Amino acid sequence: MQTIYNTLTRQKESFTTIEPGKVRLYSCGPTVYDYYHIGNARTFTVFDMVYRWLTATGYQVNYVRNITDIDDKIIERANANGETMQALTERMAAAMFEDSDRLKLLRPVHSPRATQYIDAMLDIIRMLEEKGVAYRGANGDVYYAVREFPEYGKLSRKNLDDLRAGERVAVASDKRDPLDFVLWKAAKPHEPKWPSIFGDGRPGWHIECSAMCREVLGEQIDIHGGGWDLQFPHHENEIAQSEGVYPKGQAKPFARYWMHCAFLNFDSEKMSKSLGNFFTLREVLNKLDAVQGGETVRFFLMRGHYRSEINYTWDTLEDARQTLLGFYIALKDVPPADVALDWNDPYAKRFRAALEDDFDTPAALAVLHELRREINRSGSKELAGLLRALGGTIGLLQDAPEAFVRGAKDSGSLDVDALVQERIDAKKSKNFARADEIRKQLDAAGIVLEDKPGGLTEWRRK
Ligand SMILES: [Zn+2]
């Protein structure tokens, strides 16, 4: 039985779905004004894992990850670049998919773009106004009246009075309450705008997700996910919007399970632009081997439980690469048999139990380690097949082992295959000095040789 830690109840709960066998999964996607950050990569990888795992255990998962293509940062960046918002967001959305492919993220079933759901957003804002939870400010903006939604704060467990005490009241604010948030922003010069019954303008950020959820998945969804920092105010506001459209006291719960992924730290510090430790996924991948890098980052991210902060340094990434390499070496040495995944196998059973326990990937990976040791010991092709099949349920170990262990790192001018052959020939003609010289030359280039029975030599990256 799958369990999920629900942020809303602060408890691990049994997972049941609205429709039997079907999962409506929404996770907040990127704002496409720049390449995405390694911290976002963690969140996307976690929900990719959830998507793959639930699918592997028999659910039909409708996985939606939105694209925010209208927002202050996008407008600023497009203006600074002297390009249109559309040109910027098209380019960055394409780059987002490219980077995600390198990380081996499956494409979500739907990747809706906010600007294509403006009418749906306006519908919700109109319903909120009718229910008396949205109002028009004198400045033309439309706000959400948090005091009209008594459950405001239920996700983040924040108390409105405490929040107000911490809020400096903006001078000349058109808000009735400093915590009210904007649903629709009145048009300003040099900003994109859409016509509406509230006047020309553009949507606030929070309303985007409520609208895309409702349009693509329906009024109620099973799992809503995102990064830890989105709990407040973003997800709190999504709840207020999505549940605020119903008559008072008759609200249907918007999302049944809220999942939040913890932070990724660099060298034990929070990442920030000012500390200079803020990396895009692209920067990280470009420093790693082109063949091994994507899965190395993915494997590294899965070594931590999604609710635990994890620390990343270049050393921890290298350690992840070495461990992953160990799995691929095992699969290279013992070619996997093509087996159907049997959940009654003892290894498979324990692997499944780990992931069913709130997606405990570290415990699941520990089972794969044991399995690898057993494969190295027994040379069982069936167990190698099982290792590959289990890895596949969370998007690991699907590359061709030969290609993975060799990697792609530029070997300078070395023609590795030719040198390996020359060494074999040198050994045959008893020219051991030359054979040794070649081995040292390749070793210096980061290449390990493995002599196999029958005079064969295989090679891989260190
Ligand atoms: Zn969102």
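Residues numbered from 1 in each chain as written. Predicted model: local features only at pLDDT ≥ 70, side-chain atom pairs only at ≥ 80, totals over all residues. Heavy atoms only, no water.

### Things to note about the coordination of the zinc ion
- Coordination sphere of the zinc ion, protein contribution only: Cys28 (SG), Cys209 (SG), His234 (NE2) and Glu238 (OE), at 2.0 to 2.8 Å.
- Note that the zinc ion binds four donor atoms; their angles at the metal cover 74 to 128 degrees, and the shape is irregular.
- Mapping the donors of the zinc ion onto the primary sequence gives the spacing C-x180-C-x24-H-x3-E. Here Cys28 is found in the loop between strand E3 (22-27) and helix H1 (38-56), whereas its partner Glu238 is found in helix H7 (residues 231-244), with 210 residues between them in sequence. Note on accessibility: Cys28 and Glu238 belong to one class, buried. (Donors = N, O, S within 2.8 Å, 3.2 Å for Na, K, Ca; no water. Tetrahedral: all angles 85-135°; square planar, octahedral: opposite > 155°, others 65-115°. Helix = DSSP H or I, 4+ residues; strand = E, 2+ residues; numbered from the N terminus. Buried < 20%, exposed > 50% of the residue type's maximum accessible area, 1.4 Å probe, protein only.)

### As for the side chain of Glu236
- Secondary-structure assignment places Glu236 in helix H7.
- Residues in contact with Glu236, not counting those within four places in the same chain, are Glu151, Tyr152, Gly153, Lys154, Leu155, Ser156, Arg157 and Gln231. (Contact = heavy atoms within 4.5 Å.)

### What to know about the domain arrangement of the chain
- In terms of domain boundaries, the chain breaks down into domain 1 (3-261), domain 2 (288-405) and domain 3 (410-461).
- Centre-to-centre separation of domain 1 and domain 2, based on C-alpha positions: 33 Å.
- Each partner contributes to the interface: domain 1 provides 24 residues, whereas domain 2 provides 28 residues.
- The junction of domain 1 with domain 2 conceals about 2300 Å² of combined surface from both sides, 66% of it contributed by carbon and sulfur atoms.
- Counting the surface domain 1 buries against domain 2, the share from its top three residues, Arg42, Met49 and Trp53, is 32%. (Domains from an automatic or database assignment. Buried area = accessible area lost by both parts, 1.4 Å probe.)

### A look at helix H3 (residues 85-102)
- Between its first and last C-alpha atoms H3 spans 26 Å; for 18 residues at 1.5 Å apiece the expected length is 26 Å, and the two agree.
- Those residues of H3 that fall on the buried side of the exposure criterion are Met85, Leu88, Thr89, Met92, Ala93, Ala95, Met96, Phe97, Asp99 and Ser100.
- Turning to H3, the residues buried within the fold contact strand E4 (60-65), helix H2 (72-81) and helix H8 (281-287).
- Once H3 ends, the next one or two residues include Lys104, with phi positive near 65 degrees. (Expected span 1.5 Å × (residues − 1).)

### Details of the sheet that holds strand E5 (residues 134-136)
- Spatially, E5-E6-E7-E8 is the arrangement adopted by the four strands of the open sheet, whose pairing is antiparallel. Every other strand in the sheet has two partners, leaving E5 and strand E8 (201-203) as the edge strands with one partner each. Sheet twist, expressed as the average angle between the axes of neighbouring strands with direction ignored, equals 25 degrees.
- Across three bridges, the pairing between strand E6 (residues 142-144) and strand E7 (residues 181-186) is antiparallel. Within E7, the position partnered with Tyr143 by the bridge is Val182.
- Contacts from helix H4 (residues 118-130) reach E5, E6, E7 and E8, with the element oriented near 120 degrees to E7. (Pairing = 2+ DSSP bridges. Axes fitted to C-alpha atoms, helices over the stretch in contact; angles between N-to-C directions.)

### What about the pattern of salt bridges?
- In total, this model carries 45 salt bridges according to the counting rule given.
- Close ionic contact of Glu98 with Arg282 constitutes a salt bridge, the shortest N to O distance being 3.0 Å. Taken together, the residues Glu98 in helix H3 and Arg282 in helix H8 connect sequence positions 184 residues apart.
- On the basis of relative accessible area, Glu98 is assigned to the partly exposed category, the value being 46%.
- A salt bridge links Arg282 to Asp99, with the nearest nitrogen and oxygen atoms 3.0 Å apart. With a gap of 183 residues between them, Arg282 in helix H8 and Asp99 in helix H3 connect regions that are remote in the sequence.
- Look at Arg282 and you get buried, because its relative accessible area is 16%.
- Through salt bridges with shared partners, one network takes in Lys332, Asp333, Glu450, Lys452, Glu458 and Arg460. (Salt bridge = Lys/Arg side-chain N within 4 Å of Asp/Glu carboxyl O.)

### Describing the pairing of strand E9 (residues 221-227)
- Most of E9 is tucked away, with seven of its seven residues classed as buried.
- Across three bridges, the pairing between E3 and E9 is parallel. Across the sheet, residue Leu25 finds its bridge partner in E9, namely Ile223.
- Across six bridges, E9 lies against strand E10 (residues 255-261) in parallel orientation. Residue pairing for E10: Ile223 is matched across the bridge by Tyr257.
- Tracing the backbone out of E9, into H7 and back to the parallel element E10 gives a crossover that is right-handed. (Right-handed = clockwise from strand over helix to strand, strands pointing away.)

### Things to note about helix H10 (residues 314-333)
- Given a rise of 1.5 Å per residue, 20 residues ought to cover 28 Å, and the 28 Å separating the end C-alpha atoms of H10 matches this to within 8%.
- Among the residues of H10, the N-terminal cap falls to Thr313, whose side-chain oxygen and the backbone nitrogen of Asp315 are separated by 3.2 Å. (Polar contact = N/O pair within 3.5 Å; in protein donor to acceptor, adjacent residues only side chain to side chain.)

### Structural notes on the sheet that holds E10
- Strand order across the open sheet formed by four strands is E4-E3-E9-E10, with parallel pairing between neighbours. What marks the edges here is a single partner per strand, and that holds for E4 and E10. Across the sheet, the mean angle from the axis of one strand to that of its neighbour is 20 degrees, orientation sign disregarded.
- Across six bridges, E3 lies against E4 in parallel orientation. Looking across to E4, one finds that Lys22 is bridged to Gln60.
- In this fold helix H6 (residues 205-216) packs onto E3, E4 and E9, with an angle of close to 160 degrees to the strand it touches most, E3.

### Quick look at unusual backbone geometry
- For the bond from Phe232 to Pro233, the omega torsion is 0 degrees, close enough to zero to count as cis.
- Mapped onto the elements of the fold, Pro233 is located in helix H7.
- The phi dihedral of Arg157 is positive, around 55 degrees, even though this residue is not glycine.
- Residue placement: Arg157 occurs in the loop between E6 and helix H5 (160-165).
- If you check the backbone angles, Phe359 has positive phi at about 55 degrees while not being a glycine.
- For Phe359, the location among the structural elements is in the loop between helix H11 (346-356) and helix H12 (361-378).
- According to the relative accessible area criterion, Phe359 is buried, its value standing at 0%.

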